[in-house]
Amino acid sequence: MPLRHDWFTVEQVDADTYAISEYGHWEQVHAYLLLGERLAALIDTGIGIADMSEVVRQLTRLPVKVITTHVHWDHIGSHGQFDEIYVHEQEEDWLRCGIPGLPIEQIRHDVGRDITIPVPADFSLDRYEPFRGKPTGLIRDGDTLDLGNRALDFIHTPGHSPGHLCIYEEKRGYLYTADLIYKGTLYAFYPTTDPRQFVRSVEKVSRLPFITRLLPGHLEMDLNRAFLLEVSDACRQLAESGLDRHGSGVHRFGSFSIYF
Ligand SMILES: Nc1ccn([C@@H]2O[C@H](COP(=O)(O)O)[C@@H](O)[C@H]2O)c(=O)n1
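Cut-off values and rules
Residues numbered from 1 in each chain as written. Predicted model: local features only at pLDDT ≥ 70, side-chain atom pairs only at ≥ 80, totals over all residues. Heavy atoms only, no water. Helix = DSSP H or I, 4+ residues; strand = E, 2+ residues; numbered from the N terminus. Rg over C-alpha atoms; globule rule 2.2 N^0.38 Å. Buried < 20%, exposed > 50% of the residue type's maximum accessible area, 1.4 Å probe, protein only. Contact = heavy atoms within 4.5 Å. Areas by Shrake-Rupley, 256 points an atom, 1.4 Å probe, with all protein chains shown as cover. Near = heavy atom within 4 Å. Polar contact = N/O pair within 3.5 Å; in protein donor to acceptor, adjacent residues only side chain to side chain. Nonpolar A, V, L, I, M, F, W, Y, C, P; charged D, E, K, R; others polar. Core = buried A, V, L, I, M, F, W, Y, C linked by side-chain atoms within 4.5 Å. Pairing = 2+ DSSP bridges.

- Under an unreviewed UniProt entry, the name given to the protein is MBL fold metallo-hydrolase, and the source organism is Paenibacillus ginsengarvi.

Notes on the overall build of the protein
Here's step 1: Along its length, the protein carries five helices and 16 strands.
Here's step 2: Rg of the C-alpha trace for the protein: 17 Å, near the compact-globule value of 18 Å for 260 residues, within the 12% margin.
Here's step 3: Its C-alpha atoms put the protein at 50 × 45 × 35 Å along the principal axes.
Here's step 4: Here the protein, with 260 residues, has 55% of them falling under the buried criterion.
Here's step 5: Nonlocal contacts in the protein, meaning residues at least 24 apart in sequence, comprise 61% of its contacts between residues at least 6 apart.
Here's step 6: As presented, the protein carries roughly 11,600 Å² of accessible surface, and 47% of it is formed by carbon and sulfur atoms.

What about the site of the ligand?
Here's step 1: Taken together, the neighbourhood of the ligand is formed by 16 residues, with His72, Asp74, Asp110, Asp179 and Thr192 sitting nearest.
Here's step 2: Measuring from an oxygen atom of the ligand, one finds a side-chain N or O atom of Tyr190 at 3.0 Å.
Here's step 3: When isolated, the ligand has an accessible area of 470 Å², and the protein chains bury 93% of it.
Here's step 4: Partitioning the shell around the ligand into residue classes produces five nonpolar, seven polar and four charged.

Section: the nonpolar core
Here's step 1: Of all hydrophobic cores here, the largest spans 34 residues; its most connected members are Ile20, Leu33, Leu42, Val56 and Val111.
Here's step 2: Among the secondary structure elements, those contributing two or more residues to this core are β3 (17-22), β4 (29-35), β5 (40-43), α1 (52-59), β6 (64-67), β7 (84-88), α2 (92-97) and α3 (104-112).
Here's step 3: Ignoring anything within four residues of it in the chain, the contact list for Leu33 reads Asp16, Thr17, Tyr18, Ile20, Ala40, Ala41, Leu42, Val56, Leu59 and Thr60.
Here's step 4: Counting residues in hydrophobic clusters, the runner-up holds 27 residues, among them Phe227, Leu228, Cys235 and Phe253.

Focus on the pairing of strand β16 (residues 256-259)
Here's step 1: Pairing of strand β13 (residues 185-187) with β16, which is carried by three bridges, proceeds in the parallel orientation. Following the sheet pairing, Tyr187 is matched in β16 by Tyr259.
Here's step 2: Where strand β15 (residues 250-253) meets β16, four bridges bridge the pair, whose relative direction is antiparallel. Following the sheet pairing, Phe253 is matched in β16 by Phe256.

See below:
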């Protein structure tokens with residue numbers, strides 16, 4: 001049964017893996033806490049409406065390394081509450097200085113809309129600022145992290161953003177897909193996105209030999225390899241039709257869409 005927090009919903013994926021979700025916000029974003037024998041990895045830290053570190057501290061006493069899938073405000077919200085933060089080398093500058101040309105008014109508008117449950121009393125939209133700071137370390141494609149009998153592989157999957165990462169646990173067959181693959185509208189229309197890279201990244205992860213489960217950054221959580229192959233087929237069709245370019249529109253495929 002899911003554990004409940006006023007703002008976060010905590011669900012156990014398996015004995016030592018938790019999803020920490022924000023279903024009261026239109027983004028319906030998920031972070032994941034992975035416990036090894038020596039260390040814990042927290043994949044993203046949510047929107048920043050509530051402090052995710054309070055929940056994490058209830059779940060583990062292990063030292064926590066924060067892994068950033070990408071530097072969009074809804075994935076870095078509680079970064080400031082943790083000591084060790086890692087990001088792909090191509091988004092180090094965004095983590096330090098923000099996304100050039102993205103105004104705070106636009107971010108606050110997106111943070112504040114379509115919220116369906118009460119926010120914590122100490123949250124103020126007028127004071128909301130996305131995290132900015134220096135990472136502890138940088139991640140490159142092919143890097144690995146051993147949490148103690150639990151290995152993570154980092155896969156650079158640019159397209160949604162330049163330094164976007166998927167995280168793969170080969171032993172369990174888990175692929176944490178962040179904003180590359182989820183069941184909804186996949187966004188690659190921002191000025192900072194790249195539709196061709198997005199298509200190549202989907203193809204890259206679809207070649208992974210063993211996947212038991214996809215754990216996405218948004219919306220429905222229980223996705224399998226068949227869904228990944230559907231998205232991969234859709235991307236191939238778009239590329240073959242020359243539609244893998246900015247401005248080609250919203251392409252609908254059953255349970256998901258791709259917005260270029
Ligand atoms: N160049 C950009 C990048 C992001 N945004 C906004 O940030 C949010 C990103 O959400 P994801 O779930 O797609 O990571 C979203 O609200 C965008 O509007 C942007 O506007 N421009």
